[in-house]
Amino acid sequence: MLAKTGIPTPDDLSSKLPSEERLQQGPVAIVECFTPIPCDPCYHSCPFKAFQVFQDINDLPVLDFTKCTGCGACIAHCPGLAIFVVDYTYQPDRGLIKIPYEFLPLPVAGTEVITLNRSGEEIGQGSVVRVQNPLSFDKTAVVWVAVPLTEVMAVRHIKVGVGPDER
Amino acid sequence: MVLYTDLLVVGGGPAGMAAVLQAADSGLSVILLERYDQLGGQLVKQTHRFFGSKDEQAGTRGNVIARAMEEELEQLDNVTVLLEATALGYYEDNILLVSAQHSLKKIKAERIIVATGAAEKMLTFPNNDLPGIYGAGAVQTLMNLDGVVPGRRVVMVGAGNIGLIVSYQLLQAGVEVVAVVEAARQIGGYLVHAAKISRTGVPIYTGQTIKRAYGNGEVEGVELWQLDHNWQGIPGSERSLAVDTICLAVGLRPLTDILVQAGCQMAYVPQLGGDVPLRDDNLKTSNHRFYVAGDAAGVEEATAAILEGELAGLSAILELGAKEGQSLEVKKRTVKKKLDKLRKGPVGEKIRAGLLKVRRDGNAGKDRYSHTG
């Protein structure tokens, strides 16, 4: 249970996901934000006004998946690091996930990383496609990771290289 | 020698700085006291992005907010900032005694805003005096200000926002967080913070607490046990974790000693963290010279502290007859509305319940003890 473990379950996630049809149309943001907290930077960060207007600062964000282009502008602006972009159309056998990442060292494009699910369990490996880290992201990098299609909804974190002791 | 000033603000954290910034064009003299050697209070250690609305700099990191406020403050020539300055006591004749960079100063002010923040609460368990046991705020100071990690393997006690955020910062510093332990049945902090550490593999154990720490001269491990519904440990449920550091994030207590000395009416309000002064809707206490703002008024978060600082600052300088009073009144109403909005949601429920018990107007006085210093 989410409130006990901090790990969202499929039930928690079901209301946050776009339709299968939308997923097959290209990149789209998934907002894994579950408690109404006073926070609205996602709304302001979206160049396509895809987030519903907040009637109250404590509202949960509601994303209009038909307006979302999956550009990922919201990812680095979410203080909860709770927004991911998934793209099932990246390659025939691989999807792409854009993940907010605030650990050093940053991964390097072209390298492999270990992929982790929401509980921190290792799932497999992913290929780093791109690392966005412009000044405007203010130190929250966005890492594009290609993973097998079946793992796109599971992978939410990556592990780069070796542990801190060997670094 | 006595220093005279129109407005004295005690505490250079988010609330105190926000209060002082309101006096920008007031023509009033202002002194700001800060105990540490730099302004910013807890903000300077807060390397995570803030929640809140765009107006309150949501999405900006705490340390960046602190720097911006400090730069704005430096532009004000009616403000004197005293660093390494500790308020020692409030005396008759409205004198505040201050130790400022190892010299004693007496300051007399028309209005005083107390924005002293809060102190960390301690947890009682056997061996809680072993080296290697820290408050979460101390760990943040060590890591984020001094660049020193507290240890290699940490157990965090408390899954409120501070426990979750500091766990994340420990991970960022390359420290292993073995577990986060929370006595309550549910995670108290924002679930997005919990999810951030869960996906790195850190388990969060609810309904458990520390039974004891152990180690020869320093922390070598901790024994946890499960709690029953009466918060009592369940014998037989113990298990040990080998750790070299225990980090306690079990809540904060408002620092209100000056207000007690000044005879302000106080009330014990658990929802606000402990003893807090009664106040009116402008944050004025029962002593007409004293205002309170930020965590000293009730433990909340920095966005609320900034807004409370603005409210107390505006109210005080309006009383002192600042120029452009009318526009300040408008500003004050806006700040009050923002505070209401911020506290409106479910996470503000506890604060709202607490604030009902500290109103000087209305029904304060029920279900509480109070004393008059």
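Residues numbered from 1 in each chain as written. Chains lettered and ligands numbered in written order. Predicted model: local features only at pLDDT ≥ 70, side-chain atom pairs only at ≥ 80, totals over all residues. Heavy atoms only, no water.

Draft legend 1. Summary view of the overall build of chain B. Tallying secondary structure elements over chain B gives nine helices and 19 strands in all. In terms of overall size, chain B behaves like a compact globule, its C-alpha atoms giving a radius of gyration of 21 Å where 373 residues would be expected to give roughly 21 Å. Counting only C-alpha atoms, chain B reaches 65 × 45 × 40 Å along its principal axes. Residue burial in chain B is summarised as follows: out of 373 residues, 54% are buried. Long-range pairs, those at least 24 residues apart, make up 63% of the contacts in chain B with a sequence separation of at least 6. Total accessible area on chain B is roughly 15,900 Å²; 47% of this is exposed by carbon and sulfur atoms. In chain B, which carries 40 positive and 42 negative side-chain charges, the distance between the mean positions of the two groups comes to 5 Å. (Helix = DSSP H or I, 4+ residues; strand = E, 2+ residues; numbered from the N terminus. Rg over C-alpha atoms; globule rule 2.2 N^0.38 Å. Buried < 20%, exposed > 50% of the residue type's maximum accessible area, 1.4 Å probe, protein only. Contact = heavy atoms within 4.5 Å. Areas by Shrake-Rupley, 256 points an atom, 1.4 Å probe, with all protein chains shown as cover. Lys, Arg positive; Asp, Glu negative; His and termini not counted. Charge placed at Lys NZ, Arg CZ, Asp CG, Glu CD.)

Draft legend 2. Geometry of the overall build of chain A. A tally of regular secondary structure across chain A gives four helices and seven strands. Its helices and strands in sequence order give chain A the pattern α-α-α-β-α-β-β-β-β-β-β, from N to C terminus. Taking 167 residues into account, the globule formula puts the C-alpha radius of gyration at 15 Å, and chain A, at 16 Å, falls close to it. By its C-alpha atoms, chain A is 50 × 35 × 35 Å across when sized along the principal axes. Taking all 167 residues of chain A together, 51% fall into the buried category.

Draft legend 3. Representation of helix H7 (residues 302–319) of chain B in the model. Residue and element names in this part refer to chain B. Between its first and last C-alpha, H7 extends 25 Å over 18 residues, near the 26 Å set by a 1.5 Å rise per residue. Burial within H7 is extensive, with 17 of its 18 residues counted as buried. Among the residues trailing H7, Gly321 stands out with phi positive, at a value near 80°. (Expected span 1.5 Å × (residues − 1).)

Draft legend 4. Structural context of the packing of aromatic side chains. For the structure on display, the rule yields five aromatic pairs over all chains. Over the ring of A:Trp144 we find A:Arg130, and its NZ or CZ is 4.9 Å from the ring centre. The ring of B:Trp225 has B:Lys211 lying over it, and the distance from NZ or CZ to the ring centre is 4.7 Å. (Phe/Tyr/Trp six-rings, centres within 6.5 Å; stacked < 30°, edge-to-face > 60°. Lys NZ or Arg CZ within 6 Å of the ring centre and 35° of its normal.)

Draft legend 5. The arrangement of the pattern of salt bridges in detail. For the coordinates displayed, the defined rule picks out 18 salt bridges over all chains. Between A:Lys159 and A:Glu122 there is a salt bridge, with the nearest N and O atoms lying 2.9 Å from each other. Placement of A:Lys159 in strand E7 (residues 157–159) and of A:Glu122 in strand E5 (residues 122–132) is noted, with a sequence separation of 37 residues between them. When its relative accessible area of 37% is taken as the criterion, A:Lys159 is described as partly exposed. Salt-bridge contacts for B:Arg343 lead to B:Glu308; the nearest nitrogen and oxygen are separated by 2.8 Å. Separated by 35 residues along the polypeptide, B:Arg343 in the loop between helix H8 (325–342) and helix H9 (349–356) and B:Glu308 in helix H7 bring together distant segments of the chain. Accessibility classification places B:Arg343 together with B:Glu308 in one group, the buried group. Here the salt bridges share partners, and the residues they tie into one network are B:Lys211, B:Arg212, B:Glu223 and B:Glu238. (Salt bridge = Lys/Arg side-chain N within 4 Å of Asp/Glu carboxyl O.)

Draft legend 6. Here's a closer look at the interface of chain B and chain A. Listed by partner, the interface residues are 35 residues for chain B and 44 residues for chain A. It is B:Arg49, B:Leu191 and B:Arg199 that lose the most area in chain B upon contact with chain A, and together they represent 24% of the buried surface on that side. For A:Glu102, the salt bridge goes to B:Arg61, with nearest N and O atoms at 3.1 Å. Where chain B meets chain A, there are 18 residue pairs in polar contact (both at pLDDT 80 or more). The set of elements that each furnish at least two residues to the side of chain B that touches chain A consists of helix H4 (161–172), helix H5 (191–198), strand E11 (204–206) and H8 of chain B. The biggest single contributor to the side of chain B that touches chain A is H5(B), with six residues. In the side of chain B that touches chain A, the residues fall into 15 nonpolar, eleven polar and nine charged. (Buried area = accessible area lost by both parts, 1.4 Å probe. Polar contact = N/O pair within 3.5 Å; in protein donor to acceptor, adjacent residues only side chain to side chain. Nonpolar A, V, L, I, M, F, W, Y, C, P; charged D, E, K, R; others polar.)

Draft legend 7. Just the domain arrangement of chain B, in detail. All names here are of chain B. If you check the domain split of chain B, you get domain 1 (2–119 + 252–356) and domain 2 (122–248). A separation of 31 Å is found between the C-alpha centroids of domain 1 and domain 2. The interface is formed by ten residues belonging to domain 1 together with twelve residues belonging to domain 2. When domain 1 packs against domain 2, close to 940 Å² is buried across both sides, 64% of that on carbon and sulfur atoms. For the pair domain 1 and domain 2, the number of links is zero salt bridges. (Domains from an automatic or database assignment.)

Draft legend 8. Inspection of the packing of H4(B) against H5(B) at higher detail. All names here are of chain B. Contact geometry of H4 with H5 gives a least axis separation of 9 Å together with a crossing angle of 30°. Taken together, the axes of H4 and H5 are roughly parallel relative to one another. For H4 against H5, the interelement crossing comes out left-handed. Contact with H4, carried on its side by Asn161, Leu164, Ile165, Ser167, Tyr168 and Leu171, involves His193, Ala194, Lys196 and Ile197 of H5 and no other residues of that element. Residue composition of the contact of H4 with H5, grouped by class: six nonpolar, three polar and one charged. (Axes fitted to C-alpha atoms, helices over the stretch in contact; angles between N-to-C directions. Parallel < 35°, antiparallel > 145°, perpendicular 65-115°, else oblique. Left-handed = near helix turned anticlockwise from the far one by under 90°.)

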